[in-house]
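Structure at a glance
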Amino acid sequence: MSGGRNSIRVLNVAEKPSVAKSVATILSGNQGLRVRDGRSRYNRIFEFPYTINGQSTNMLVTSVTGHLIELEFEDRFRKWHSCDPAQLFQAPVRKFVPSDKLDIKKTLEEEARRCQWLVLWLDCDREGENIAFEVVQVCTAVNPHLTIRRAHFSALIDRDIHEAAQNLVPPNKFFADAVDARQEIDLRIGASFTRFQTMLLRDAFVIDAGNDERNLVLSYGPCQFPTLGFVVERYWEVQSHEPEEFWVINCSHKSDEGISTFNWMRGHLFDYTCTVVIYEMCVQEPTATVTNVRKQEKLKYPPHPLNTIELEKRASRYFRMSSEHTMKVAEDLYQAGFISYPRTETDSFSQRTNLHAIVEEQQGHPVWGSYAQRLLDPGAGIWRNPSNGGHDDKAHPPIHPTKFSAGERSWSQDHLRLYELVVRHFLACVSQPAVGAETTVDIDIAGELFSASGRVILAKNYLDVYCFESWGGSLIPSYVLGQQFVPTSLTLDSGVTRPPPLLSEADLLSCMDKEGIGTDATMHDHIKKLLDRFYATKDANTRFSPTNLGEALVMGYDDMGYQLWKPYLRAVMERDMKAVSEGAKSKDEVLETCLHQMKSCFLDARLNKVKLLQAMEIFFERSNRPAGEEQHTSREVIRPCGLCQESNMVLKQNRDGNFMVGCLGYPQCRNVVWLPGSVSEAAVTTNICNSCTPGPVYLIQFKFRRLEIPPDYNASHLGCIGGCDEILRQLIEICGTGNRTSARGRVPTASSGSAQQSNSRQGACIYCHQGGHSSTDCPSQFSGHQGARSRGRNVQQSDESTISCDICGAPCALRTANTANNRGRKFYSCQSQECNFFVWEDSLNNGSVGRSGQRSTMRASASNSRQGSGRGRGGRGAARGAGVTFVSATGDPVSGRRILSNGLTRSAWNFSVLAVAS
DNA sequence: GCAAGGTC
């Protein structure tokens, strides 16, 4: 039966194949359901007759796989060097169907042409609404007469689906608009900041990131950076923690029944004298009197039904599985039909779910089958309707088993464990809480109160099946009110405060969930991205630390005063998206204000890029590679690149003022033509060389420094870099080029057409620019400038300690070494690379002061500046911001010094200033 | 080569 003559053809589209199948199965009642393949092998098409409000229809149900359309910059802005990253805030973007979705698009087009209605069965959230409009766009392009309708369902169960089909509504453009805005903002912010910081930093420093650092991408994203922020913030808290000694009185009592440990009601005291006084009192009158005996029944409740975040957190805690791996395994189990859809926010079961049926399936399991049987036995009294966790995404139920398995042959250990977790969690959810009897005994010794408690488990209930949790039960002897005894031990003990632990993966997921970073389906991606980008590492206990790279990036933005690494930006965006989805603000309005703000922020960050560079300098050695971004003071196109045939060659000036013509495709393409070192000015003209190819090759108007070229050459010259220019070739031979790493004289021959060479940093020392040794053992550091050691310190009026360059007399910069032998050690060096002047900072202090590692001085600095909420980043940042660290000659932190605003201290004592950050 | 969001 394919519908009568009056029946209309309805194309129904779901967000994923599984939903299409469920909808088709439910609506057809499995009567007259036919299935055929579409062009995509995953997205099949179901057909059956159905009646909607008295109208007989021929239903076709198919699906997409998530978003059908992507957003990208127009082609001319897609290459990294195609434009200034700031332009990405307004560069035109386009929507397109990516190649792997073209077959789905084709199916939709073919079916839409033959239908009168289009009914959208996408998930009922904002992303789903946006995908709905993507489907509409594709279908109406081939059939503009389609009647468009939206089905709203809250669960894939009979009643909901039939109700949805009978109560079709128009789709909600506001919801879709909110996602459009989110996509565009994410793309523009992400691409602009990523290109900016990658090009600024990657080539400027020696970043050891495991693989080829030239391919290293220092990405920025509105989700990945706040995720990194959580990691860094906790790390800073741990780093800046000062252990504080505290004192505590412990009391125990041993009787025939066992030992009771009594805890001091004051907890612990930081005042030793005070604690000793109290302790002495207790010791002199040690008899304890029982002042209170309380007995209470305590319940330990089973967890809420399982949603994605909780699955990830528990798999991490119980099995140390990464969230990313957990989702991969869960997806496998889902695809094979063993568990329900794994990406769900929902942590409460619908009233209509047949929970008993799910338990029944598990009765045959060799391990937990007997528990399932007891659950189903009304006499056992273990059954309890599951709790409601308070989240509902209106699209999926909590994660639960959908098919029994005692383990499949193809399953890995992790498949087994994850399936077991899902089953046990489900069985726990429908179980009674554990019951315990708690006894608390309070005693009084010389007026001081102590307390002990114990617990007996009366009924384990859900804990019988949920073996991942325990409820420590410890018995204490019985006491009666007024009873007196002399404690077996009464001791005065000391301890130290401990820093909080580093964030575990479960902690990190909680932070993200709380601050709204990412979605249940993407959080694990953001965490993985931190590891992939070398921003953070994870130890065997699943605890995260930032890498130097991650810490430096966060530090740089923090020093700028920007909270780009905090979750606030995402929170503001989320509020705006909500306003759009409610129609309170328009998409264009939000896009304009948000992008305007972010562009100002971007431009400001770029102005303050020195902060990023300074932060990187703390951890990384400067590279002598030509910097990707910094050298481009001008970028005028000279010619198309004949080597990569993709990008243009542009006129550039490096940091030292030397000119070259290099390919914009650097570092993938290393094509470069170095120009004579005697060039003082170079400007691209509109004149085109009529002999060099590939063209056009624009001629350059050169000015040479008169004294650096032979007298018979003109100081002004209109030249071509394409290979035809004999004068330019001669001047290169005579004067050399501005390429420092290729020693003068080792110049490309212009006769080869376009002179090409690569700049290798191998073997070149950053101090003297000579090959044959590394910067850590540069002879210039040890013998070249011994004279500097006898120089006195040039203390200027500002109190800023500095010294002048031995050679040119300019003030030197104070830097921190990060080489293996001298990490954390400070040195002065001339900012001009011509001089190669260098001296260790500590050699100026008569050599009497030992070195102090960067880490320990940082910690000392935090202790000095700690005030108010000065823990963690605040403490450390304040000290670093003031630019000073004080350590006594013995290496102990100096306390009680007054820190002047210029970052130095005046001290009556002869404490040594070990480090003054520039 | 860049984001985050769907999903296979």
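So, how was this worked out
- Throughout, a residue's number is its position along its own chain's written sequence, starting from 1.
- Labels follow written order: the first chain is A, the first ligand is 1, and so on.
- Under the rules for a predicted model, residues below a pLDDT of 70 receive no local features and side-chain atom pairs below 80 are neither given nor counted, while totals for whole chains, interfaces and linings still include all residues.
- The side-chain quantities take in all heavy atoms of the structure and omit both hydrogens and water.
- UniProt positions are given in the numbering used here, feature names are shortened, and annotations may be inferred rather than shown by experiment.
- We define a salt bridge as a side-chain nitrogen of Lys or Arg found within 4 Å of a carboxyl oxygen belonging to Asp or Glu.
- Labels follow the DSSP assignment, with helices taken as runs of H or I lasting at least four residues and strands as runs of E lasting at least two, numbered in each case from the N terminus.
- Relative accessibility thresholds used throughout: buried, under 20% of the residue-type maximum; exposed, over 50%; partly exposed, between the two (1.4 Å probe, protein chains only).
- Two residues form a contact once any of their heavy atoms are found within 4.5 Å.
- Every axis in this analysis is a line fitted to C-alpha atoms, fitted for helices over the stretch in contact. Angles between the N-to-C directions lie between 0 and 180 degrees.
- Any angle that falls under 35 degrees is termed roughly parallel, while one over 145 is termed roughly antiparallel, one within 65 to 115 roughly perpendicular, and all others oblique.
- The classification used treats Ala, Val, Leu, Ile, Met, Phe, Trp, Tyr, Cys and Pro as nonpolar, Asp, Glu, Lys and Arg as charged, and all other residues, Gly among them, as polar.
- The arc refers to the directions leading from the helix axis to the C-beta atoms.
- Residue proximity to a molecule or strand is established when one non-hydrogen atom of the residue lies within 4 Å of it.
- Nitrogen and oxygen atoms within 3.5 Å of one another constitute a polar contact, given that in protein one can donate a hydrogen and the other can accept it, and given that sequence-neighbouring residues count only through two side-chain atoms.
- The pairing criterion is simple: DSSP has to find at least two bridges between the two strands.

- Looking at an unreviewed UniProt entry, one finds chain A named DNA topoisomerase, with Cannabis sativa as its source organism.
- Under the heading Cofactor (unreviewed entry), UniProt records this for chain A: "Mg(2+)".

Quick look at the pattern of salt bridges
- Under the criterion given, the structure shown has 44 salt bridges.
- With a closest N to O distance of 2.6 Å, Glu-47 and Arg-36 form a salt bridge. Of this pair, Glu-47 sits in strand 3 (residues 45-52) while Arg-36 is found in strand 2 (residues 34-36), placing the two residues eleven residues apart along the sequence.
- When its relative accessible area of 27% is taken as the criterion, Arg-36 is described as partly exposed.

Remarks on the environment of Gly-518
- Within the element layout of this structure, Gly-518 appears in the loop between helix 13 (505-515) and helix 14 (523-532).
- A relative accessible area of 23% means that Gly-518 is categorised as partly exposed.
- Linking Gly-518 and Gln-224, residues 294 residues apart in sequence, is a C-alpha distance of 8.7 Å.
- For Gly-518, the residues in contact, after removing those within four places along its chain, are Cys-223, Met-523 and His-526.

Describing the packing of helix 5 (residues 173-201) against helix 17 (residues 587-607)
- Interaxial distance between helix 5 and helix 17 falls to 10 Å at its minimum, and their mutual angle equals 10°. As the angle between them shows, helix 5 and helix 17 are arranged roughly parallel. For the pair helix 5 and helix 17, the contacting residues are Asp-177, Asp-180, Ala-181, Glu-184, Ile-185, Arg-188, Ile-189, Ser-192, Phe-193 and Phe-196 in the first and Lys-587, Val-590, Leu-591, Cys-594, Leu-595, Met-598, Cys-601, Phe-602, Ala-605 and Arg-606 in the second.
- Of the residues in the contact of helix 5 with helix 17, the class split is 13 nonpolar, one polar and six charged.

Thoughts on helix 13
- Residues Glu-505, Ala-506, Leu-508, Leu-509 and Met-512 constitute the buried set of helix 13. Buried residues along helix 13 cover an arc of 160° about the axis, so they all sit on one side.
- The inward-facing, buried residues of helix 13 abut helix 6 (224-240), helix 8 (308-319), helix 9 (323-335), helix 14, strand 16 (536-538) and strand 17 (544-546).
- The first or second residue beyond helix 13 is Gly-516, which carries a positive phi of 70°.

Focus: the protein's contact with DNA strand B
- Around DNA strand B, the surrounding shell holds 42 residues, and the nearest of these are Thr-65, Lys-101, Arg-202, Cys-223 and Gln-335.
- Of what DNA strand B places within 4 Å of the protein, 63% of the atoms are sugar or phosphate.
- At 3.2 Å, a backbone N or O of His-67 approaches a base nitrogen of DNA strand B.
- At 2.7 Å, a side-chain N or O of His-526 approaches a phosphate oxygen of DNA strand B.
- Elements with a contribution of two residues or more to the surface near DNA strand B: strand 5 (70-73), helix 5, helix 9 and helix 14.
- Ranked by the residues each element gives to the surface near DNA strand B, the list is headed by helix 5, at nine residues.

Brief notes about the sheet that holds strand 9 (residues 245-255)
- Pairing within the open sheet is antiparallel, and its seven strands lie in the order 14-11-12-13-10-9-15. Strand pairing shows two members of the sheet lacking a second neighbour, strand 14 (484-485) and strand 15 (489-496), which therefore form its edges.
- Helix 7 (residues 272-284) contacts strand 9, strand 10 (258-264), strand 12 (434-445), strand 13 (448-459) and strand 15 of the sheet and is inclined by roughly 170° relative to strand 15.

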